Amino acid sequence: MRIDARPFAYDFDLASTALVLIDMQRDFIEPGGFGETLGNDVSLLAAIVPATQAVLAAWRQAGGLVVHTREAHRPDLSDCPPAKRLRGAPSLRIGDEGPMGRILVAGEPGNQIIDALAPIEGEWVIDKPGKGAFHATGLHELLQARGITHLVFGGVTTEVCVQTSMREANDRGYDCLLLEDCTESYFPQFKAAAVEMIRAQGAIVGWTATGPQLMAALASAPPQG
Ligand code: TIU
């Protein structure tokens with residue numbers, strides 16, 4: 001399959017490509033979670049939910065692998081370095097009790113993926129203690145075992161967890177595509193800059209395209225199997 005991406009065409013094969021949705025969690029998208037404790041207007045992020053839902057539905061229909069990630073710490077915070085915890089908002093830090101349970105802690109209501117994009121059976125859910133999806137998760141080994149070479153990214157936030165994950169993936173040899181309308185930042189100027197820096201210098205980190213471009217490619221492909 002081919003997408004007329006930027007800065008040039010992105011070729012991929014469904015069987016060796018995963019859709020990776022980064023941290024579409026209540027903690028970032030809904031009021032009362034980690035994102036808001038950091039002083040952000042979280043309402044900006046909800047805007048990408050319909051476009052992301054459409055892509056997820058099309059990818060599921062095509063039979064592709066879906067990987068969801070969650071930024072999540074163990075309840076004892078043994079996987080949260082003090083350097084990370086102490087740089088949060090002083091009023092409500094990682095592990096503290098917030099309106100949606102303990103902030104950024106696995107199993108808490110706020111840590112769940114939003115209902116609109118909830119994982120279904122057979123999809124991977126990777127809890128990650130860092131910003132990047134490859135740090136301390138075993139994701140690379142899982143993807144290698146499955147023969148995955150290409151990753152299509154969406155999620156939040158563009159310049160933090162999405163870009164970090166794309167850079168980690170790029171260094172591990174994956175061809176990475178970012179869906180611009182399926183990613184968002186609390187800072188529109190940071191999103192714009194991240195998108196530009198990813199595709200600059202001949203796709204130095206990866207390619208960019210839109211959800212409808214991906215869906216058009218899926219629709220034009222011959223049926224699998
Ligand atoms: N603060 C911010 O923009 N993002 C994060 O802390 N985590 C993710 O991006 N998921």
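Residues numbered from 1 in each chain as written. Predicted model: local features only at pLDDT ≥ 70, side-chain atom pairs only at ≥ 80, totals over all residues. Heavy atoms only, no water.

(A) Layout of the packing of aromatic side chains. Within this structure, the stated rule accounts for seven aromatic pairs. Judged by centre distance (5.4 Å) and plane angle (75°), the rings of F8 and W207 are edge-to-face. Here F8, found in the loop between β1 (2-3) and β2 (10-11), pairs with W207, found in strand β10 (residues 207-209); they are 199 residues apart in sequence, far enough to count as distant. Taking the relative accessible area as the measure of exposure, W207 reaches 12% and is therefore buried. Seen in terms of ring centroids, F134 and Y174 are 5.8 Å apart; in terms of plane orientation they differ by 40°. Their pairing is tilted. Taken together, the residues F134 in the loop between β7 (124-128) and α5 (139-145) and Y174 in the loop between α6 (158-171) and β9 (175-184) connect sequence positions 40 residues apart. In this pair, the class of F134 matches that of Y174, namely buried. Three or more aromatic residues joined by ring pairs form one cluster here, namely F8, Y10, F12, W59 and W207. (Phe/Tyr/Trp six-rings, centres within 6.5 Å; stacked < 30°, edge-to-face > 60°. Helix = DSSP H or I, 4+ residues; strand = E, 2+ residues; numbered from the N terminus. Buried < 20%, exposed > 50% of the residue type's maximum accessible area, 1.4 Å probe, protein only.)

(B) Structural detail: the site of the ligand. Every residue lining the ligand is accounted for by D23, F28, F34, L38, E71, K131, V156, T157, V160, C161 and Y186. C161 is positioned such that a nitrogen or oxygen atom in its backbone is 3.1 Å from an oxygen atom of the ligand. In the complex, the protein chains occlude 93% of the 280 Å² of accessible area that the ligand would expose alone. If you map the ligand onto the pockets, it falls in the largest pocket. (Near = heavy atom within 4 Å. Polar contact = N/O pair within 3.5 Å; in protein donor to acceptor, adjacent residues only side chain to side chain. Areas by Shrake-Rupley, 256 points an atom, 1.4 Å probe, with all protein chains shown as cover. 1 Å grid on protein atoms, 1.4 Å probe; cavity = no way out; pocket = protein on both sides within 12 Å on 5 of 7 lines; lining within 4 Å. Sits in = over half its atoms within 2 Å of the grid points.)

(C) Layout of the layout of surface pockets. Computed from the structure, the largest pocket encloses a volume of approximately 410 Å³. The wall of the largest pocket is formed by 21 residues, among which F34, L38, E71, K131 and V160 lie closest to the centre. Put simply, the parts of the chain that give the lining of the largest pocket at least two residues each are α4 (82-85) and α6. Here the element with the most residues in the lining of the largest pocket is α6; it accounts for three residues. Residue composition of the lining of the largest pocket, by class: eleven nonpolar, four polar and six charged. (Points joined across faces, edges and corners; volume = space filled by probe spheres on them. Nonpolar A, V, L, I, M, F, W, Y, C, P; charged D, E, K, R; others polar.)

(D) Examining the UniProt feature "domain: Isochorismatase-like" (unreviewed entry) in the protein chain more closely. This chain's UniProt record puts "domain: Isochorismatase-like" (unreviewed entry) on residues 17-206. Helix makes up 33% of residues 17-206 and strand 21%. Its end C-alpha atoms lie 14 Å apart. (UniProt positions renumbered as here; feature names shortened; annotations may be inferred.)

(E) Looking closely at the nonpolar core. Ranked by size, the top nonpolar core spans 41 residues in total, and within it I3, L19, F28, W59, L177, L179 and L214 carry the most contacts. Counting only elements with at least two residues in this core, the list comes to β3 (17-22), α1 (26-29), α3 (49-62), β8 (150-156), β9, β10 and α8 (211-220). Tallying contributions element by element places α3 first for this core, with five residues. Counting 24 residues, the second largest nonpolar core, distinct from the first, contains L139, L143, V162 and A169. (Core = buried A, V, L, I, M, F, W, Y, C linked by side-chain atoms within 4.5 Å.)

(F) Looking closely at the packing of α6 against helix α7 (residues 188-203). Axis separation between α6 and α7 bottoms out at 10 Å; the angle between their running directions is 15°. As judged from the angle between their axes, α6 and α7 are roughly parallel. Seen from above, α6 lies across α7 with right-handed handedness. Of α7, the residues touching α6 (which contributes T158, E159, Q163, M166 and R167) are F190, K191, A194, V195, M197 and I198. Residue composition of the contact of α6 with α7, by class: six nonpolar, two polar and three charged. (Axes fitted to C-alpha atoms, helices over the stretch in contact; angles between N-to-C directions. Parallel < 35°, antiparallel > 145°, perpendicular 65-115°, else oblique. Left-handed = near helix turned anticlockwise from the far one by under 90°. Contact = heavy atoms within 4.5 Å.)

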